[in-house]
Amino acid sequence: MNGSYSMQSFKFVSEVKRDVWKDAGEERPVPSCCLSVSNISYTVSERLGPWWDLPSYKRRWTRQILHDVSFHVDSGQIMGILGNSGSGKTTLLDAISGRIGNSGTLCGEVFINGRKLNREQFQDCFSYVLQSDNLLSYLTVEETLTYTAQLALRKHSAEAIKKKVSAVMAELSLSHVAHSVIGGRVFPGISGGERRRVSIASQLLQDPKVILLDEPTTGLDSMTANQIVVLLAELARRDRIVIVTIHQPRSELFRVFSRIAIMSCGELVFCGQPEEMVDFFSQCGYECPEYCNPFDIYVDFTSVDTRSTEREAATFSRMHEITSSYQASAIYQSMLGRMEQILQQAEKPAIPFKSKESPSSAAKLGVLLRRTVRNLSRDRMGVLMRLSQNLIYGLFVAFFVMHLDSDVTKGAVQDRIGIIYQSVGASPYTGMLNAVALFPALRAISDQESQDGLYSKWQMFLAYIFHILPFSIISVFIFTSFLYWTVGMHPDSMRFLGFSAVVLVPHIVGELLTVVLLGVVQDPNMVNSGVALLNIAGILVGSGFLRSTEQMPQVFQWLSYLTFQKYSCELLIVTEFHGLNFTCSKPLPGACLISQGDQIIDQGYPGALSRYTLDFILLYSFLPALLLLGMASYKIRDYLVRH
Ligand SMILES: Nc1ncnc2c1ncn2[C@@H]1O[C@H](COP(=O)(O)OP(=O)(O)OP(=O)(O)O)[C@@H](O)[C@H]1O
Ligand SMILES: [Mg+2]
């Protein structure tokens, strides 16, 4: 069977999109930009065994994930990268977009218009659409794109941004859903295909010349997947380079791609035009049978089957045989020749960087704050829970205590201490629960957008923290207003304000500490446990309720100064007990020793009255200290997160 015969096998292929260069007789424009990738290799050092098998865990081996990958694409072309799972497609995109982890060694060169890019320039040149859509559920499509445009483009006026967003929506056929919300797991929004298009549109706002997309069709039905690829081909036709990794494309897409690359075990087994691919594989003796999907067949021919040692050896040698044939072929040589010609050019066009007129840090923070508030404030249930959660546990406490007595034999002292213990001990948990529920989604977005160069991760952290302040103040105020007056604490409005101001801090610290730890610990469950344990430890060491501070070993006494619980409890003890007089209805021996609240202060917290202002300052200084810690944590995250 020869090449021309095998071409006939694809007669059923739709001819609608035969070639992105020529559409209804249009002439091929001169490409304004080209991407050359030369000998990209990526090697990682891995441990031989799992940590529980110590001898093998201690030994390392070097694994090459990408082997000397080279290709060349001109603007106006769309290249599809195929290959079975684990063949290195994502790693290749990560490598050429400058997002590869620091754990391995990357070699090779990337050129745009024949000019070599340094690694810092990769991100400024390429737009990268990740496999998962990280979008805010409660924003509309237009709002999503407008906020991204505001973060990316500074010199543009509001009117220009509006026009840009409308143009991008029109280009991606999103205008009809401009005012629909994105949607999430718990409530419906736009379709999966539309969501993909919003992710692509967000990248187009910066006018990139090179767009990389990792599996943009995964999870979509086959018709929507086809529409996305055809749309990407249209984007490429407007003088852009589009590179897309794809699983199981339908055979109709065969001619939509201008170039098809096949990867296997980190090697580029083939890269060329669709027609060349058919001829090449036929010449190698691997025909695509009639009525079969060429994508599936050629990927199968080049994949390594690891189900048995014999099959692995046979398929591995077949893969190598095809790779060697490709490297000896005229297709590969002409690609190298074209690359060489571009590199040798005397007059090289400039590197087309993305629009990078980003606003000042303060302006970005403002945009992030507005975006976060708008998104979260539309979550009615979330807002309601946020505002009422402290009140709900206040109801439990009030129901349990009912009314505070002034009679020491009826729990006047113990009940008051119990309320203080609850107010300081429990309020960090509500803050922690909020952060664990809300922040990981924002963190995923900030990981992506910071790699797109829109802002730094710490700016998203600050925006989140600033946005919680009004919610926290209202929520704590509702709680204290209810509890304070219902159970009958010290009836003085200034003391009530003091009580509220003190309880506010543990609540915010709980949320703040959780968000800080989420910067360096990926798993929210671990952060949950960590904050809970820290809070338990803090209240044990700092409150002086379980064991008097004076009786604790010296090291715990020192540690107590590092806990916000120490200052909170001391302040609340003074707020409640100072100037309080008790009665005693059962004059049993020893029962009426305490007749004044100040005795409690003097015994348990000597000098607390004179430290009142200082305690307030120290308590509130936890907030800026944690803010600084958070900024450091999200700077560290910059190094930790490389997907
Ligand atoms: N930093 C790393 N350390 C160790 N192994 C890695 C690293 N990055 C990638 N790999 C390995 O390299 C191989 C290629 O991974 P990659 O994600 O690029 O494959 P893929 O072709 O995109 O697969 P899929 O189609 O399933 O998405 C995999 O076996 C993966 O485990
Ligand atoms: Mg992948």
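Residues numbered from 1 in each chain as written. Chains lettered and ligands numbered in written order. Predicted model: local features only at pLDDT ≥ 70, side-chain atom pairs only at ≥ 80, totals over all residues. Heavy atoms only, no water.

For the chain, the name recorded in an unreviewed UniProt entry is ATP-binding cassette sub-family G member 5, with Myripristis murdjan as its organism. Taken verbatim from the UniProt record of the chain, the Cofactor (unreviewed entry) comment is "Mg(2+)". You can read under Subcellular location (unreviewed entry) in the UniProt record for the chain the words "Apical cell membrane". (UniProt positions renumbered as here; feature names shortened; annotations may be inferred.)

A few points about the sheet that holds strand E2 (residues 60-74)
Strands sit in the order E2-E1-E4-E5 across an open sheet of 4 strands; the sheet is antiparallel. Whereas interior strands pair on both sides, the edge strands pair on one side only; in this sheet they are E2 and strand E5 (115-116). Sheet analysis places strand E1 (residues 34-47) next to E2, joined by 11 bridges and oriented antiparallel. Counted as the bridge partner of Val 44 is Arg 63 from E2. Those strands touched by helix H3 (residues 89-97) are E1, E2 and strand E4 (104-112), and its axis lies near 70° from that of E2. (Pairing = 2+ DSSP bridges. Helix = DSSP H or I, 4+ residues; strand = E, 2+ residues; numbered from the N terminus. Contact = heavy atoms within 4.5 Å. Axes fitted to C-alpha atoms, helices over the stretch in contact; angles between N-to-C directions.)

Looking at the site of ligand 1
In the neighbourhood of ligand 1, 15 residues make up the surrounding shell, with Arg 63, Ser 85, Lys 89, Thr 90 and Thr 91 lying closest. Contact distances for ligand 1 include 2.7 Å between an oxygen atom and a side-chain N or O atom of Arg 63. Within the contact set of ligand 1, an oxygen atom lies 2.5 Å away from a side-chain nitrogen or oxygen of Ser 85. Considering ligand 1 on its own, with 640 Å² of exposed area, one finds that the protein chains cover 66% of that surface. Mapped by element, the contributors of at least two residues to the shell around ligand 1 are E1, E2 and H3. Counting residues per element, the shell around ligand 1 draws most heavily on H3, which supplies 3 residues. Grouping the amino acids of the shell around ligand 1 by side-chain chemistry returns 2 nonpolar, 9 polar and 4 charged. (Near = heavy atom within 4 Å. Polar contact = N/O pair within 3.5 Å; in protein donor to acceptor, adjacent residues only side chain to side chain. Areas by Shrake-Rupley, 256 points an atom, 1.4 Å probe, with all protein chains shown as cover. Nonpolar A, V, L, I, M, F, W, Y, C, P; charged D, E, K, R; others polar.)

Considerations on the environment of Gly 183
Structurally, Gly 183 is set in the loop between helix H6 (158-171) and helix H7 (192-204). Residue classification places Gly 183 among the buried residues on the basis of a relative accessible area of 6%. With 12 residues separating them along the chain, Gly 183 and Arg 195 place their C-alpha atoms 9.1 Å apart. The residues touching Gly 183, leaving out its near neighbours within four places in the chain, are Ser 137, Pro 188, Gly 189 and Arg 195. (Buried < 20%, exposed > 50% of the residue type's maximum accessible area, 1.4 Å probe, protein only.)

Concerning the environment of Glu 576
Note on placement: Glu 576 falls in helix H20 (residues 564-577). Judged by relative accessible area, which is 1%, Glu 576 ranks as buried. Between the C-alpha atoms of Glu 576 and His 490, which are 86 residues apart in sequence, the distance is 5.7 Å. Among residues more than four places away in sequence, those in contact with Glu 576 are Arg 416, Ile 420, Tyr 484, Met 489, His 490 and Arg 495.

Examining the confidence of the model for the chain
On average, residues of the chain score 88 in pLDDT, and 94% of them reach the 70 mark or higher. This stretch, residues 1-26, has a pLDDT under 50; its non-local contacts, to residues over four places away or in other chains, come to 50 contacts. (pLDDT = per-residue confidence, 0-100.)

As for the pattern of salt bridges
Applying the stated criterion to the full structure yields 22 salt bridges. Among the ionic pairs, Asp 133 bridges to Arg 196, the shortest N-O distance being 2.8 Å. Of this pair, Asp 133 sits in the loop between strand E6 (126-129) and helix H5 (141-152) while Arg 196 sits in helix H7, and the two are 63 residues apart along the sequence. Between Asp 447 and Arg 637 there is a salt bridge, with its nearest N and O atoms 2.7 Å apart. Here Arg 637 lies in helix H22 (residues 612-640) and Asp 447 lies in helix H15 (residues 412-451), a separation of 190 residues in the sequence. Pair check on accessibility: Asp 447 and Arg 637 agree, each one buried. Salt bridges sharing partners connect three or more residues here, namely Glu 171, Glu 234, Arg 237, Arg 238 and Arg 240. (Salt bridge = Lys/Arg side-chain N within 4 Å of Asp/Glu carboxyl O.)

Quick word on the packing of aromatic side chains
Counted under the stated rule, the structure contains 29 aromatic pairs. Here the aromatic rings of Trp 51 and Trp 52 are separated by 5.6 Å at their centres, their planes lie at 85°, and the arrangement is edge-to-face. Taken as a pair, Trp 51 and Trp 52 share a single burial class, namely exposed. Judged by centre distance (5.0 Å) and plane angle (45°), the rings of Tyr 286 and Phe 301 are tilted. Of this pair, Tyr 286 sits in the loop between helix H9 (274-283) and helix H10 (294-302) while Phe 301 sits in helix H10, and the two are 15 residues apart along the sequence. Each of the two residues, Tyr 286 as well as Phe 301, counts as buried. Three or more aromatic residues link up through ring pairs in this structure, and these residues are Phe 270, Phe 280, Phe 281, Tyr 286, Tyr 298, Phe 301, Tyr 326 and Tyr 332. Of note, Arg 386 hangs over the ring of Phe 471, and the distance from its end group to the ring centre comes to 5.2 Å. (Phe/Tyr/Trp six-rings, centres within 6.5 Å; stacked < 30°, edge-to-face > 60°. Lys NZ or Arg CZ within 6 Å of the ring centre and 35° of its normal.)

As for the layout of surface pockets
In this model, the largest pocket occupies a volume close to 880 Å³. Around the largest pocket, the lining comprises 28 residues; the ones closest to its centre are Ser 137, Tyr 138, Arg 185, Ala 437 and Ala 441. Contributions of two or more residues to the lining of the largest pocket are made by helix H13 (361-377), helix H14 (380-401) and H15. By residue class, the composition of the lining of the largest pocket is 15 nonpolar, 8 polar and 5 charged. Each of two domains, domain 2 (132-208) and domain 3 (380-640), supplies a minimum of three residues to the lining of the largest pocket. What the second largest pocket holds in volume is close to 380 Å³. If you go around the second largest pocket, you meet 18 residues; those closest to its centre are Leu 534, Leu 562, Thr 563, Phe 564 and Phe 622. Secondary-structure elements contributing two or more residues to the lining of the second largest pocket are helix H17 (493-520), helix H18 (524-542), helix H19 (554-560), H20 and H22. Of the residues in the lining of the second largest pocket, the class split is 12 nonpolar, 6 polar and no charged. (1 Å grid on protein atoms, 1.4 Å probe; cavity = no way out; pocket = protein on both sides within 12 Å on 5 of 7 lines; lining within 4 Å. Points joined across faces, edges and corners; volume = space filled by probe spheres on them. Domains from an automatic or database assignment.)

Describing the UniProt feature "transmembrane region" (unreviewed entry) in the chain
Here the UniProt-annotated "transmembrane region" (unreviewed entry) positions come out as residues 383-404, 419-440, 461-485, 497-520, 527-546 and 616-634. The distance from the first to the last C-alpha atom of residues 419-440 is 32 Å, and the span holds 100% helix and 0% strand. For the annotated span residues 527-546, helix accounts for 80% and strand for 0% of the residues, and the straight-line distance between the end C-alpha atoms is 25 Å.

Remarks on the nonpolar core
Membership of the largest hydrophobic core comes to 179 residues, with the highest contact counts inside it found for Leu 35, Phe 71, Phe 126, Ile 243 and Phe 281. Aside from chain neighbours lying at most four places away, what touches Phe 281 is Ile 262, Phe 270, Tyr 286, Glu 287, Tyr 298, Phe 301, Thr 302 and Ile 322. (Core = buried A, V, L, I, M, F, W, Y, C linked by side-chain atoms within 4.5 Å.)

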